[in-house]
Amino acid sequence: MRTLVLCEDSAHPAELTRDGLTGLGDCGCKFDFVADPTEWSPEMMGEYPLVVFSKANNTSASDPKPWATEETGRAFVNYVRQGNSILFLHSGTALYKNLPSFRNLMGGVFVGHPPQCPVTAEPKKDHTLTAGSSDFTLKDEHYQMEMNDPDVDLFLNATSEHGIQPAGWTRREGDGRVCVLTPGHSLETWYHPSHQAVLRNCIEWCKRVAG
């Protein structure tokens, strides 16, 4: 499946997302990576049934200016409502708190994180999206999330000395699907077998409606 990947921000180089996704091996997706937001448009995005969104609201690794506006967010909302899917990964949830379209599409948005620390990913047992995974602890950014959709289907929590946070969930928007997965500041997390299992499951879940 042709899959558009939006990546790179001031704290997460494009290589992190590229290496993390290609490290999955054959997951049934042909990834087209876009780091420069000027290359994105609603029309271009419409050529893809699935978007992997791994870009905070920064223009690039060297330019922290926001790239997205409320109009941008509405384009993503319309994209999903028309029967496409979007998978928000880690920094893809960050710096969008003041854009209601993005915030509501995600169902929950990043509001900050403490210094990196040991974080335990706790997959919900017997959930379709956690098949093949188990609890694991690695140094990561413990994303603090502000939820706005009480009906999300939560499948993953993240726990540290700073408490417990929702770290993976799904929701529907119109005829499309939205999935959010917040761990992943380093390749150590992306490459962990349990994280890879969850990420593959999330991609498969998105593909069921896309296309």
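The preceding data block contains the structure.
**Student:** What exactly am I supposed to notice about the overall build of the protein chain here?
**Tutor:** The helix and strand tally for the protein chain stands at six helices and eleven strands. Scaling as 2.2 N^0.38, a compact globule of 211 residues should have a C-alpha radius of gyration of about 17 Å, and the protein chain matches this with 15 Å. Projected onto its principal axes, the C-alpha positions of the protein chain cover 40 × 35 × 35 Å. Across the 211 residues that make up the protein chain, the buried fraction comes to 59%. Nonlocal contacts in the protein chain, meaning residues at least 24 apart in sequence, comprise 71% of its contacts between residues at least 6 apart. Of the accessible surface of the protein chain, which amounts to about 8,800 Å², a share of 49% is contributed by carbon and sulfur atoms.

**Student:** What should I look at first to understand the sheet that holds strand 11 (residues 176-181) in this one?
**Tutor:** Paired through backbone hydrogen bonds, the strands of a sheet run either parallel or antiparallel to each other. Strand order across the open sheet formed by nine strands is 2-1-3-4-11-10-9-6-7, with mixed pairing between neighbours. Both outer strands of the open sheet, strand 2 (30-34) and strand 7 (136-140), are each paired with one neighbouring strand and no more. Averaged over all neighbouring strand pairs, the angle between strand axes comes to 20°, with direction disregarded. With five bridges connecting them, strand 6 (residues 117-123) and strand 7 associate as antiparallel partners. Looking at strand 7, one finds that Thr-120 is bridged to Thr-137.

**Student:** Even after reading the chapter, I still don't get the state of the cysteines, so can you show me in this structure?
**Tutor:** If you walk through the whole model with that rule in mind, you get zero disulfides. Free of any disulfide, Cys-7 has its nearest neighbouring cysteine sulfur in Cys-29, separated by 15 Å. Cys-7 gets classed as buried once you look at its relative accessible area, which sits at 0%.

**Student:** Got a minute to help me understand the environment of Cys-7 in this structure?
**Tutor:** Looking at the element boundaries, Cys-7 is found in strand 1 (residues 2-7). Considered as a pair, Cys-7 and Pro-37 are 30 residues apart in the sequence and their alpha carbons are 9.0 Å apart. Those residues in contact with Cys-7, other than ones at most four positions away along the chain, are Ala-14, Thr-17, Phe-33, Val-34, Ala-35, Ser-54 and Lys-55.

**Student:** In this structure, what is going on with unusual backbone geometry? I would like to understand it.
**Tutor:** Backbone geometry follows two general trends: most residues other than glycine have a negative phi, and most peptide bonds adopt the trans configuration. You will see that His-90, though not glycine, has its phi angle at about 45°, which is positive. Relative to the helices and strands, His-90 is located in the loop between strand 4 (85-89) and helix 4 (100-106). Even without glycine at this site, Asp-126 takes up a positive phi of about 65°. With respect to the secondary-structure elements, Asp-126 resides in the loop between strand 6 and strand 7.

**Student:** Looking at this structure, I do not really get the packing of aromatic side chains. What am I missing?
**Tutor:** One pair of aromatic rings is described through two measures. These are the centre distance and the angle between the planes. Applying the stated criterion to the full structure yields eleven aromatic pairs. Taken together, a centroid distance of 5.0 Å and an interplanar angle of 50° make the contact between Phe-53 and Phe-88 tilted. Within this pair, whereas Phe-53 is found in strand 3 (residues 50-54), its partner Phe-88 is found in strand 4, the two being separated by 35 residues in sequence. Comparing Phe-53 with Phe-88, the two get one shared label, buried. Through a chain of ring-to-ring contacts, the aromatic side chains of Trp-40, Phe-53, Trp-67, Phe-76, Phe-88, Tyr-96 and Phe-102 assemble into a single cluster. Above the ring of Tyr-48, the side-chain terminus of Arg-2 is found at 4.3 Å from the ring centroid. Between the NZ or CZ atom of Arg-177 and the centre of the ring of Trp-205, over which it lies, the distance is 4.6 Å.

What counts, and where the lines are drawn
Residues numbered from 1 in each chain as written. Predicted model: local features only at pLDDT ≥ 70, side-chain atom pairs only at ≥ 80, totals over all residues. Heavy atoms only, no water. Helix = DSSP H or I, 4+ residues; strand = E, 2+ residues; numbered from the N terminus. Rg over C-alpha atoms; globule rule 2.2 N^0.38 Å. Buried < 20%, exposed > 50% of the residue type's maximum accessible area, 1.4 Å probe, protein only. Contact = heavy atoms within 4.5 Å. Areas by Shrake-Rupley, 256 points an atom, 1.4 Å probe, with all protein chains shown as cover. Pairing = 2+ DSSP bridges. Axes fitted to C-alpha atoms, helices over the stretch in contact; angles between N-to-C directions. Disulfide = S-S within 2.5 Å. Phe/Tyr/Trp six-rings, centres within 6.5 Å; stacked < 30°, edge-to-face > 60°. Lys NZ or Arg CZ within 6 Å of the ring centre and 35° of its normal.

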